[in-house]
Amino acid sequence: MKFKKALLAMVGALSLLLSGCAGYGGIKLDSVGDEGTVTYLKIALNQTEEHPSYKALEKFGEEIASATDGRYQIEVFPNEQLGSQQEVLQLVKNGAIEMAIVSGTQLENVNLDFRVLNMPTTFTSIEQQIAVLKDSSIVGDLFHSLEETENIAVLGGYTQGSRHVYTTDKKIEKPEDLKGLKIRVQESDMNIRMVELMGGSATPLSYGEVYSALQAGVIDGAENNAVSYNTAKHMEVAKHFANTNHLIGLDYMIMRADLLNAMPEADREVFYQLWNDSMDYHTQLWNEYTQESIDIALAQGSEFNDVDSQAFFDALAPIKDEFLTTDYQLALYDKIRAVADKMEGGK
Ligand code: GCU
């Protein structure tokens, strides 16, 4: 913990010193990709080494190195070593680190249009989500939208799978059961509202703070996927897991836009292509590890229960009108739903 804080303070101080100074990060932008030049890229992740995202990122790094004859070398820093997602977003923006995995909520706070992809009811399966992420005719503009103003490029994403509610003391079966319970949410207005609509009292906290908040009784529960419930050890302190399935969440791979755009075009294409492959590999690991996580939690005494799904679905219905307010957002939603409906129909 001490080490993490010290490292964070160091990276933070450096980024402050050099913010706005294009080319920082030990990387000279005018020679990126040149023969004989090795570009070192740090990826920040808030998950442990067991998590599918860490494993998929390690593989992505190996594939990038091999496809570019070692001209790009990637190192993944797990466990929030480089900071919380809110912090690493700023560090990528400043050029102090090159890449990070951040949740959709973090990008929502920068551009409200990202809400569309992170809203309950937008997706009903991981397959739909990945198909949309790969379709630049749908998400291309959105993914480039932060490059000039924020120095943030979005390469694509990883699924967070289905998110559910878990609690320390009370079994949850219907929205009324959440009344008066403090449920941790990710830090965004839409996430706060989501839990309120589901009947709970929303407490925004960063991911790394959830375990101790559950343990200390500061919160009564949280909402996340079965994988994080296991890898972040929330299962040790919140034994009731209700299959609310209220959101198929989404993480993004963000990268310094100045760096990505300074690369030779062929290298940039390699990054996009290998990221697309990485999304598939991650999804495969995800599906396997979700079941494994449930098994691990069951073996350690967690109880999983089904809920009144229709009641939660109805409770969440107003979220769309409340949060999608512009023509662009509504049109994006319709385009996504058209893909999703087609996939559902084709099943
Ligand atoms: C998931 C997701 C993370 C996110 C976390 C959270 O684990 O993959 O990116 O930070 O949820 O709830 O904060």
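Look up a bit, the structure's there.
Overview of the structure. (Residues numbered from 1 in each chain as written. Predicted model: local features only at pLDDT ≥ 70, side-chain atom pairs only at ≥ 80, totals over all residues. Heavy atoms only, no water.)

Let's talk about the packing of aromatic side chains
Here is step 1 of the chain: Tallied over the full model, the rule gives 12 aromatic pairs.
Here is step 2 of the chain: Ring plane angle 85° and centroid distance 6.2 Å describe the contact between Phe60 and Phe271, whose orientation is recorded as edge-to-face. On the criterion of sequence distance, the pair formed by Phe60 in helix α2 (residues 52-67) and Phe271 in helix α12 (residues 265-299) is long-range, its members being 211 residues apart. An identical accessibility class is assigned to Phe60 and Phe271; each is buried.
Here is step 3 of the chain: Centroid distance Tyr158 to Trp275: 4.5 Å. Interplanar angle 25°. Geometry classified as stacked. On the criterion of sequence distance, the pair formed by Tyr158 in strand β4 (residues 152-167) and Trp275 in helix α12 is long-range, its members being 117 residues apart. The pair formed by Tyr158 and Trp275 is uniform in burial state, with each residue classed as buried.
Here is step 4 of the chain: Grouping aromatic residues by their ring pairs yields a cluster made of Phe60, Tyr72, Tyr158, Phe271 and Trp275.
Here is step 5 of the chain: Taking the ring centre of Tyr289 as reference, the NZ or CZ of Lys55 above it sits at 5.5 Å. (Phe/Tyr/Trp six-rings, centres within 6.5 Å; stacked < 30°, edge-to-face > 60°. Helix = DSSP H or I, 4+ residues; strand = E, 2+ residues; numbered from the N terminus. Buried < 20%, exposed > 50% of the residue type's maximum accessible area, 1.4 Å probe, protein only. Lys NZ or Arg CZ within 6 Å of the ring centre and 35° of its normal.)

Let's talk about the nonpolar core
Here is step 1 of the chain: In terms of nonpolar packing, the biggest core is built from 87 residues, with Met99, Leu117 and Ile254 touching the most fellow members.
Here is step 2 of the chain: No other element matches strand β8 (residues 240-256), which puts 8 residues into this core.
Here is step 3 of the chain: Setting aside chain neighbours within four positions, we find Leu117 in contact with Phe123, Leu133, Val139, Leu142, Leu250, Tyr252, Leu332 and Ile336.
Here is step 4 of the chain: Core analysis: the second largest hydrophobic core is formed by 14 residues, Ala222, Met235, Val237 and Ala238 among them. (Core = buried A, V, L, I, M, F, W, Y, C linked by side-chain atoms within 4.5 Å. Contact = heavy atoms within 4.5 Å.)

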